[in-house]
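Notes for the structure review
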Amino acid sequence: MAHDAIRLDGKIAIITGGAGGIGAATAQLMTLRGARVAIADIDMPRAQAVAAGIPDALPIHLDLEDEASIEAMVARTVAHFGRLDILHNNAALLGPDIARADGNIEHMATALWDRTYRVNVRGTMIACRTALPHLRESKGNIVNTVSSLALQGHMIQAAYSSSKAAIIQMTRAIAASHGRAGVRCNAVAPGMTMTPALKEAFPAALRQVVEDETLRDQLGDPQDIAEAVAFLASDAARNITGACVECDGGGTSHVPGLGGFRAFFEGHAS
């Protein structure tokens with residue numbers, strides 16, 4: 001393996017949800033490492049604004065509820081750049097209003113549940129299905145953004161968390177079915193990540209609860225997640241497939257209530 005295997009020189013990547021937060025950070029980092037990127041998002045003005053700051057980036061309108069839109073995203077990328085090497089499925093249904101409405105199962109609206117699965121699971125599946133023939137040709141790979149909530153039980157976001165758990169299993173299925181064809185498929189599970197959307201959706205007091213359970217001294221930011229995605233998309237990760245990498249500051253690695261234990265022992269330190 002070359003010493004610079006983490007580079008993405010000559011690679012073509014699609015980044016869904018590329019207009020903000022983790023997606024925009026990933027687009028910028030992949031470009032710095034030599035890739036050319038298509039920035040796909042339902043918010044076309046924001047996608048265009050992000051693309052304007054990235055050399056040779058291609059903004060594409062994407063509606064994950066529309067099968068034709070997903071297929072057009074892949075077709076347009078291949079037509080523009082001539083190939084496809086990386087699909088980063090990052091887009092999801094997770095605005096502030098959606099997050100507030102997504103509670104526990106007893107009070108779950110069927111329409112919200114159905115739409116969450118239609119966007120997050122069905123949309124991701126169609127994107128993978130459409131991209132796989134091109135990725136098989138290029139020996140490329142898929143990186144799916146999931147969530148640490150897909151690995152733990154919680155009293156909120158039942159629809160979102162279970163949809164992301166489904167994508168983890170989809171990741172394993174694609175890795176198993178296409179590995180011998182040269183296609184890798186992995187997932188990255190961020191914890192609470194300090195994006196503008198998150199700051200709007202979650203009160204500071206709840207963010208503090210999560211920060212207290214984080215092993216770092218702060219919550220992660222979009223750049224932290226972008227680094228994990230770009231690594232998995234690179235040849236440096238050629239022996240990693242079917243994996244779900246927890247990129248959450250250690251939040252899922254310890255016993256429940258660690259923050260309370262920390263406060264207790266610090267309060268009783270001599």
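Here goes a summary of the coordinates provided. In this text, all values refer to a predicted model and were calculated from it rather than measured experimentally. (Residues numbered from 1 in each chain as written. Predicted model: local features only at pLDDT ≥ 70, side-chain atom pairs only at ≥ 80, totals over all residues. Heavy atoms only, no water.)

Observations regarding the sheet that holds strand E3 (residues 58-61)
Under the convention used in this document: Strand pairing is defined by DSSP finding a minimum of two bridges between the two strands. Think of it this way: any DSSP run of H or I at least four residues long counts as a helix, any run of E at least two long counts as a strand, and we number them from the N terminus. Axes here mean lines fitted to C-alpha atoms, for a helix over just the part in contact, with angles spanning 0 to 180 degrees between N-to-C directions. Contacts are assigned to residue pairs with any non-hydrogen atoms lying within 4.5 Å of each other.
Sheet architecture is open: seven strands sit in the order E3-E2-E1-E4-E5-E6-E7, paired in parallel fashion. Looking at strand neighbours, the two that pair on one side only are E3 and strand E7 (244-247), the edges of this open sheet. Put simply, the sheet's adjacent strands are angled 20° from each other on average, direction ignored. Sheet topology note: the strand E1 (residues 12-16)/strand E2 (residues 36-41) ladder contains five bridges and is parallel. Bridging across to E2, isoleucine 12 finds its partner in arginine 36. This element, helix H3 (residues 67-81), spans E1, E2 and E3 of the sheet and lies at about 160° to E3. Running at roughly 175° to strand E4 (residues 86-89), helix H5 (residues 110-138) makes contact with E4 and strand E5 (141-145) of the sheet.

Observations regarding the pattern of salt bridges
Pairing between side chains of opposite charge can happen when the charged atoms of each approach one another. The test is simple: What counts as a salt bridge is simple: a side-chain nitrogen of Lys or Arg found within 4 Å of a carboxyl oxygen of Asp or Glu. Categorising residues by exposure relies on relative accessible area from a 1.4 Å probe, with only protein chains included: less than 20% of the type maximum marks a residue as buried, more than 50% marks it as exposed, and the intermediate range marks it as partly exposed.
In this structure the tally under the stated criterion is 10 salt bridges. Note that arginine 129 and glutamate 67 form a salt bridge whose closest N and O atoms lie 2.7 Å from each other. Here the residue arginine 129 occupies a position in helix H5, and glutamate 67 occupies one in helix H3, the gap between them amounting to 62 residues. A relative accessible area of 30% means that glutamate 67 is categorised as partly exposed. A salt bridge links aspartate 224 to arginine 216, with the shortest nitrogen-to-oxygen separation between them at 3.5 Å. Given the relative accessible area of 28%, aspartate 224 is considered partly exposed.

Remarks on the packing of helix H1 (residues 21-32) against helix H9 (residues 222-233)
Here is the rule we go by: Each angle gets one of four labels, with under 35 degrees taken as roughly parallel, over 145 as roughly antiparallel, 65 to 115 as roughly perpendicular, and the rest as oblique. Left-handed describes a crossing whose near helix is turned anticlockwise from the far helix through less than a right angle; right-handed describes the clockwise counterpart.
At their nearest, the axes of H1 and H9 sit 8 Å apart, and the two run at 50° to each other. Comparing the axis directions of H1 and H9 gives the class oblique. Two packed elements cross with a definite hand, and for H1 against H9 that hand is right-handed. The segment H1 lies against H9, with Gly21, Ile22, Ala25, Thr26, Leu29 and Met30 engaging Pro222, Gln223, Ile225, Ala226, Glu227, Val229, Ala230 and Ala233.

Thoughts on the side chain of threonine 116
Residue placement: threonine 116 occurs in helix H5. Setting aside chain neighbours within four positions, we find threonine 116 in contact with Leu93, Val121, Ala159, Tyr160 and Ser163.

A word on the side chain of serine 163
Looking at where serine 163 falls in the secondary structure, it is placed in helix H6 (residues 158-178). For serine 163, a relative accessible area of 0% translates into the label buried. Dropping the residues within four chain positions of it, serine 163 is found in contact with Thr116, Tyr117, Asn120 and Val121.

Description of the packing of H3 against H5
Two elements in contact, H3 and H5, have axes whose closest approach is 9 Å; the angle formed by their N-to-C orientations is 30°. On the basis of the axis angle, H3 is roughly parallel to H5. Relative to H5, the crossing made by H3 is right-handed. Of the residues in H5, those touching H3 at Glu67, Ile70, Glu71, Met73, Val74 and Val78 are Arg122, Gly123, Ile126, Ala127, Arg129, Thr130, Ala131 and His134.

Overview of the state of the cysteines
Going by this rule: The disulfide definition used here is simple: a pair of cysteine sulfur atoms within 2.5 Å.
Within this structure, the stated rule accounts for zero disulfides. Between cysteine 185, a free cysteine, and cysteine 128, which holds the nearest cysteine sulfur, the sulfur-to-sulfur gap is 5.6 Å. Residue classification places cysteine 185 among the buried residues on the basis of a relative accessible area of 0%. Free of any disulfide, cysteine 244 has its nearest cysteine sulfur in cysteine 247, 11 Å distant. Judged by relative accessible area, which is 24%, cysteine 244 ranks as partly exposed.

Things to note about a nonpolar patch on the surface
What counts here: Note on patches: the residues involved have over 30% relative accessible area and no salt bridge, like charges join within 9 Å, and the nonpolar side chains Val, Leu, Ile, Met, Phe, Trp and Tyr join within 5 Å. With residues, only the protein chains shown are counted as cover, and all accessible areas are computed by Shrake-Rupley using a 1.4 Å probe.
A cluster of nonpolar side chains, contributed by Phe261, Phe264 and Phe265, occupies part of the molecular surface with about 360 Å² of accessible area. With respect to the helices, strands and loops of the structure, phenylalanine 265 is situated in helix H10 (residues 258-267).

These results come straight from atomic positions and should not be treated as a statement about function.
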